[in-house]
Number of protein chains: 2
Amino acid sequence: MTIPGHQHETGGCQRVNTVLSRIGDKWSVQVIMRLSTGSRRFNELKREIGSVSQKMLSATLRGLERDGFVSRRVTPSVPPRVDYALTDLGHELLGPVGALGDWAFANIDAVEAARAAFDAAQAQG
Amino acid sequence: MTIPGHQHETGGCQRVNTVLSRIGDKWSVQVIMRLSTGSRRFNELKREIGSVSQKMLSATLRGLERDGFVSRRVTPSVPPRVDYALTDLGHELLGPVGALGDWAFANIDAVEAARAAFDAAQAQG
DNA sequence: CAGCATCCACTATGATACTG
DNA sequence: CAGTATCATAGTGGATGCTG
């Protein structure tokens, strides 16, 4: 992406976008950050994140598992036990995602100020 | 984001997520990458991206402008001329976004292989 | 040229109830 | 505990036609 245009030959832009979309969805980054400190059970994650619904946590985990970022280990006991953890690929992803998150966190004030200024200009003009 | 949990005190996670969501949306990164090489007019961008609709390009640019990543300069002529360019903040964003894009591009084969394996396991199991 | 307005299909998210 | 199934709703994205 540092050399604009160089990946269009192979349709790389659209393919890469499927990964960026997962990063941008509502819960994936939350889950990845939680798992960065160790594996978690389903309801552990749900409690920690708090505001996520069962359905969305389930869907998010399935998406991350499908992409190869998260592993799912089932212990067939009663009650059942399922542990989620980052794969090697998931840990690698943590690098650039963390950098983007850090940047966003460092600049969130500037972004929110820009939004406020824009909205004010709209309301007035 | 490298120190999990440290930004929850100020609700940073939710606020940061609004930035990540913009990165994850369908057209923002495309537009940012195009503008990284210089300013563009509306229809220039539309032609270059190709598959984007007028409505979505318009909405994407307005969103990026609102967040302070893109500037919009109007030349009141006939026909009208509008030039879009990255702001300083937009150029800074290019760093982490480019890194994530590079990572995604470098690992897209692994991700697609994981997807294929997952889908095959589903179809069979 | 650079858009906005309208209508429509599809998706994402959530609330609730149920299951092995 | 760890989900799936169902229903309801809000938002996204696209097609088309119109405007200054």
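Residues numbered from 1 in each chain as written. Chains lettered and ligands numbered in written order. Predicted model: local features only at pLDDT ≥ 70, side-chain atom pairs only at ≥ 80, totals over all residues. Heavy atoms only, no water.

Caption draft 1: Up close: the pairing of strand 3 (residues 81–86) of chain B. Residues and elements named next belong to chain B. Direction of pairing for strand 1 (residues 40–41) relative to strand 3: antiparallel, over a ladder of two bridges. Within strand 3, the residue paired with Arg40 across the bridge is Tyr84. Where strand 2 (residues 70–75) meets strand 3, six bridges bridge the pair, whose relative direction is antiparallel. Note that in strand 3 the partner of Val74 across the bridge is Val82. Where strand 2 folds back on strand 3, the antiparallel hairpin that results is connected by five residues. (Pairing = 2+ DSSP bridges. Helix = DSSP H or I, 4+ residues; strand = E, 2+ residues; numbered from the N terminus.)

Caption draft 2: Structural context of the protein's contact with DNA strand D. Within the structure, DNA strand D sits among 18 residues, and Arg41, Gln54, Arg72 and Tyr84 of chain A together with Lys55 of chain B are positioned closest to it. Among all atoms of DNA strand D positioned within 4 Å of the protein, those belonging to sugar or phosphate total 60%. In the environment of DNA strand D, a phosphate oxygen lies 2.4 Å from a nitrogen or oxygen atom belonging to the side chain of Arg72 of chain A. At 2.9 Å from a phosphate oxygen of DNA strand D is found a side-chain nitrogen or oxygen belonging to Lys26 of chain B. (Near = heavy atom within 4 Å. Polar contact = N/O pair within 3.5 Å; in protein donor to acceptor, adjacent residues only side chain to side chain.)

Caption draft 3: The pattern of salt bridges, seen in detail. Here the structure, examined in full by the defined rule, presents 18 salt bridges over all chains. With a closest N to O distance of 3.9 Å, Glu48 of chain A and Arg34 of chain A form a salt bridge. In this pair, Glu48 of chain A sits in helix 3 (residues 42–49) while Arg34 of chain A sits in helix 2 (residues 28–35), placing the two residues 14 residues apart along the sequence. The class of Glu48 of chain A is partly exposed, set by a relative accessible area of 32%. Residues joined by salt bridges that share partners form a network here, namely Arg15 of chain A together with Asp109 and Glu112 of chain B. (Salt bridge = Lys/Arg side-chain N within 4 Å of Asp/Glu carboxyl O. Buried < 20%, exposed > 50% of the residue type's maximum accessible area, 1.4 Å probe, protein only.)

Caption draft 4: Here's a closer look at unusual backbone geometry. The omega torsion across Val78 of chain A and Pro79 of chain A is 0 degrees, close enough to zero to call that bond cis. Mapped onto the elements, Pro79 of chain A comes out in the loop between strand 2 (70–75) and strand 3 (81–86).

Caption draft 5: Geometry of the environment of Trp27 of chain B. Residues and elements named next belong to chain B. Along the chain, Trp27 turns up in the loop between helix 1 (12–24) and helix 2 (28–35). For the pair Trp27 and Ala59, spaced 32 residues apart in sequence, the C-alpha separation works out to 9.6 Å. Those residues in contact with Trp27 that lie beyond four places of it in its chain are Ile49, Ser51, Val52, Met56 and Thr60. (Contact = heavy atoms within 4.5 Å.)

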